[in-house]
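# Per-entry structural report
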Amino acid sequence: MKLQTILKLPDCRVLSEGRPEREVTRVFCCDLLSIAMSRAPSDSVWVTVMGNKNTVAVASLADVACIVLAEGVSMDRDSLEKASEEGIAVLSTELPVFDMALNIYRAGME
Amino acid sequence: MGDQLIFTYDIDGSDFTRAGEASSSVKNKLKMLGVNSEIIRRVAIAMYEGEINMVIHADGGQITVTVSDDDIVMVLADRGPGIPDIGKAMQEGYSTARPEVRSLGFGAGMGLPNMKRYTDQMEIDTVVGKGTTITMKVAF
Ligand SMILES: Nc1ncnc2c1ncn2[C@@H]1O[C@H](COP(=O)(O)OP(=O)(O)OP(=O)(O)O)[C@@H](O)[C@H]1O
Ligand SMILES: [Mg+2]
């Protein structure tokens, strides 16, 4: 499915658009960076509560397409700028990690 | 023997937010060189973990990446506290990361194991109180 579909999900705020035409294939959940680094699939949507610059660095290096910040976590302007530069989408939601991941999965990864 | 490309980076040990920039830069360079994407991914993971460790545990240092016909070699040298027990440090889950670093998402104790897993060869040269040099090789 296209990233575009995820950008349009309800209960989400789009903080960075990334590349809406990009094809996304998996959803991945983890907050520990060195686990995410090695386990997050390429072109995945990564749901986490860690919203700092290191999250963006890991996403970029692991070729993650989209970061979804759950539990109302936000991201500072600097990190968002970096995400835009790298073409990574960033979304924020009040939903818990599991609920959000399930929504993404149901939107077209089943 | 063909040409070698050498990239060097000074890693600032005081700035968490910039940690990863050297790895990003290498990743982009390898992309431009047309290196196979799986190899790029392995180099990026291993180098990032090493770069972050230099910032979190060792107050920065220097990284040299050499790209030649047969392989990519990364040398990460710091003058940090050294690693007293390499066997322990290599165990998955072992971490001495401070609480403020853990709150950023570090400290799973997976960095060194990742570095070993994603490279073909890894050597740790460390002296307590003097520093650590880690050499990693990924073959083409
Ligand atoms: N360059 C270094 N200098 C000194 N000690 C180090 C260095 N690199 C690693 N260590 C030690 O080895 C331990 C394990 O490192 P490792 O990268 O596996 O885990 P971590 O950095 O603690 O957590 P993670 O990488 O999962 O975020 C560290 O907690 C630290 O005690
Ligand atoms: Mg580490």
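Look up a bit, the structure's there.
The present account deals with the structure reproduced in this document. Being a predicted model, the structure only gives us computed values, none of them experimental.

On a plain count of helices and strands, chain B comes out with five helices and five strands. Computed over C-alpha atoms, the radius of gyration of chain B comes to 14 Å, within 12% of the 14 Å expected from 2.2 N^0.38 for 140 residues, which places it in the range of a compact globule. For the C-alpha atoms alone, the extent of chain B along its principal axes is close to 45 × 30 × 25 Å. Considering chain B as a whole, with its 140 residues, one finds that 49% of them fall into the buried category. Nonlocal contacts in chain B, meaning residues at least 24 apart in sequence, comprise 62% of its contacts between residues at least 6 apart. Here chain B has roughly 7,000 Å² of accessible surface; of this, 49% comes from carbon and sulfur atoms. Distance between charge centres in chain B, computed from 14 positive and 19 negative side chains, equals 4 Å.

Residues and elements named next belong to chain B. Scanning the model with the defined rule gives 10 salt bridges over all chains in all. Residue Glu21 is joined to Arg18 by a salt bridge in which the shortest nitrogen-to-oxygen separation is 3.0 Å. Under the relative-accessibility criterion, Glu21 is labelled partly exposed at 34%. Of the charged contacts, one joins Asp120 and Arg42 as a salt bridge, the two residues approaching to 3.2 Å between their closest N and O atoms. You can see Asp120 sitting in the loop between helix 5 (111-118) and strand 4 (121-127) and its partner Arg42 sitting in helix 2 (residues 37-58), a full 78 residues away along the chain.

What follows concerns the interface of chain B and chain A. Contact with chain B, which involves 22 residues of that partner, is made by 19 residues of chain A. Summing both sides of the interface, chain B and chain A together bury roughly 1,700 Å²; the carbon and sulfur share of this comes to 52%. On the chain B side of the interface with chain A, the three residues burying the most area are Lys27, Arg41 and Tyr48 of chain B, jointly 30% of the side's total. Counting across the chain B and chain A interface gives one salt bridge. The partner of Asp63 of chain A in a salt bridge is Lys27 of chain B, with the nearest N and O atoms 2.8 Å apart. There are 11 residue pairs in polar contact (both at pLDDT 80 or more) connecting chain B and chain A. Taken together, the elements giving at least two residues each to the side of chain B that touches chain A come down to helix 1 (21-32), helix 2 and helix 5 of chain B. When residues in the side of chain B that touches chain A are grouped by element, the largest group, six residues, is from helix 2 of chain B.

It is worth spelling out the state of the cysteines at this point. Residues and elements named next belong to chain A. Summed over all chains, the structure comprises zero disulfides over all chains. Its sulfur unpaired, Cys29 is 8.7 Å from the next cysteine sulfur, which belongs to Cys30. Here Cys66 is not cross-linked by a disulfide; its sulfur's nearest cysteine counterpart is in Cys12, at 8.3 Å. Residue Cys66 is classed as buried on the basis of its relative accessible area of 0%.

What follows is about the side chain of Asn114 of chain B. When you line up the elements, Asn114 of chain B lands in helix 5. If we skip the residues at most four places from it in the chain, Asn114 of chain B touches Ser34 and Ser38 of chain A together with Ile45 and Glu49 of chain B.

A separate point is the site of ligand 1. Taken together, 21 residues surround ligand 1, and among them Ser34 of chain A together with Ser95, Thr96, Gly107 and Gly109 of chain B come closest. The side chain of Ser95 of chain B places a nitrogen or oxygen atom 2.5 Å from an oxygen atom of ligand 1. In the model, an oxygen atom of ligand 1 is placed 2.9 Å from a nitrogen or oxygen of the Leu112 of chain B main chain. Protein burial of ligand 1: of its 600 Å² of free accessible surface, 96% is covered by the chains.

About the criteria used
Residues numbered from 1 in each chain as written. Chains lettered and ligands numbered in written order. Predicted model: local features only at pLDDT ≥ 70, side-chain atom pairs only at ≥ 80, totals over all residues. Heavy atoms only, no water. Helix = DSSP H or I, 4+ residues; strand = E, 2+ residues; numbered from the N terminus. Rg over C-alpha atoms; globule rule 2.2 N^0.38 Å. Buried < 20%, exposed > 50% of the residue type's maximum accessible area, 1.4 Å probe, protein only. Contact = heavy atoms within 4.5 Å. Areas by Shrake-Rupley, 256 points an atom, 1.4 Å probe, with all protein chains shown as cover. Lys, Arg positive; Asp, Glu negative; His and termini not counted. Charge placed at Lys NZ, Arg CZ, Asp CG, Glu CD. Salt bridge = Lys/Arg side-chain N within 4 Å of Asp/Glu carboxyl O. Buried area = accessible area lost by both parts, 1.4 Å probe. Polar contact = N/O pair within 3.5 Å; in protein donor to acceptor, adjacent residues only side chain to side chain. Disulfide = S-S within 2.5 Å. Near = heavy atom within 4 Å.

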